[in-house]
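Chain and residue survey
What follows is the residue order along each chain.
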Amino acid sequence: MRSLSLALILLATSVLSANAANYGTAGCGLGAAVWKDQPGKIQILSSTVNNLVSPQTFAITSGTSNCVDDAKVASTMFIKVNEQALKKDISRGTGESLSGLSKILKCTNTDLLGSELQKHYTQIFPANETSAEKIKDSINGTIHSNQTLALDCVAAI
């Protein structure tokens, strides 16, 4: 029991001292705060911890656990990590990953965001392999082309 308490204290300390540049292929999150950018199979464990122990979407949207609070960086990171789920949610106009992106962009009207992104799905995902940066730029273009949405999503850049 004592070793578990010590492990939790060390984990909390590493989370508090983490910064956005210290994560590996598993992305940011609680696992990345512990194992940082160590190469190899440890990234599998890091990814598991990122998603099971402390949901990665929460860490990204809240800017905790080695994730950043800068909307530009956070949105690109979020898109990279959740691209397939986001693609599916945008095609439907609703869903958990779309909700998470809405929080990062500080949109108060998630339904409007979902509806607009759904209308522009083919512009956002023009090919099977589109970079997260291009997806983010297309999403931001869609937001700024709708006057109501541009005012609603205060962190859209």
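Here goes a summary of the coordinates provided. (Residues numbered from 1 in each chain as written. Predicted model: local features only at pLDDT ≥ 70, side-chain atom pairs only at ≥ 80, totals over all residues. Heavy atoms only, no water.)

1. A closer look at the nonpolar core
Ile 90, Leu 113, Leu 117, Ile 124, Ile 139 and Ile 143 are the most contacted members of the largest nonpolar core, which has 20 residues in total. Of all the secondary-structure elements, those providing two or more residues to this core are helix H5 (71–92), helix H6 (96–104), helix H7 (110–119) and helix H9 (132–145). With 5 residues, the top contributor of residues to this core is H5. (Core = buried A, V, L, I, M, F, W, Y, C linked by side-chain atoms within 4.5 Å. Buried < 20%, exposed > 50% of the residue type's maximum accessible area, 1.4 Å probe, protein only. Helix = DSSP H or I, 4+ residues; strand = E, 2+ residues; numbered from the N terminus.)

2. Brief notes about the pattern of salt bridges
One pass over the full model with this rule turns up 4 salt bridges. Here Asp 89 ties to Arg 92 by a salt bridge, and the two come within 2.4 Å at their closest N and O atoms. On the criterion of helical spacing, the pair formed by Asp 89 and Arg 92 is a turn pair, its members being 3 residues apart in helix H5. For Asp 89, a relative accessible area of 5% corresponds to the buried category. A salt bridge links Glu 133 to Lys 136, with the shortest nitrogen-to-oxygen separation between them at 3.1 Å. A residue pair is termed a helical-turn pair when its members lie 3 or 4 positions apart in one helix, as Glu 133 and Lys 136 do in helix H9 at 3 residues. (Salt bridge = Lys/Arg side-chain N within 4 Å of Asp/Glu carboxyl O.)

3. Quick word on the state of the cysteines
For the structure shown, the criterion picks out 1 disulfide. Covalently, Cys 107 is tied to Cys 153 through a disulfide, its sulfur atoms 2.0 Å apart. On the S-S bond that ties Cys 107 to Cys 153, the torsion sits near 115 degrees, and the link is right-handed. In this pair, Cys 107 is assigned in the loop between H6 and H7 and Cys 153 in the segment after helix H10 (147–152), connecting sequence segments 46 residues apart. As far as the burial class goes, Cys 107 and Cys 153 line up, both buried. (Disulfide = S-S within 2.5 Å.)

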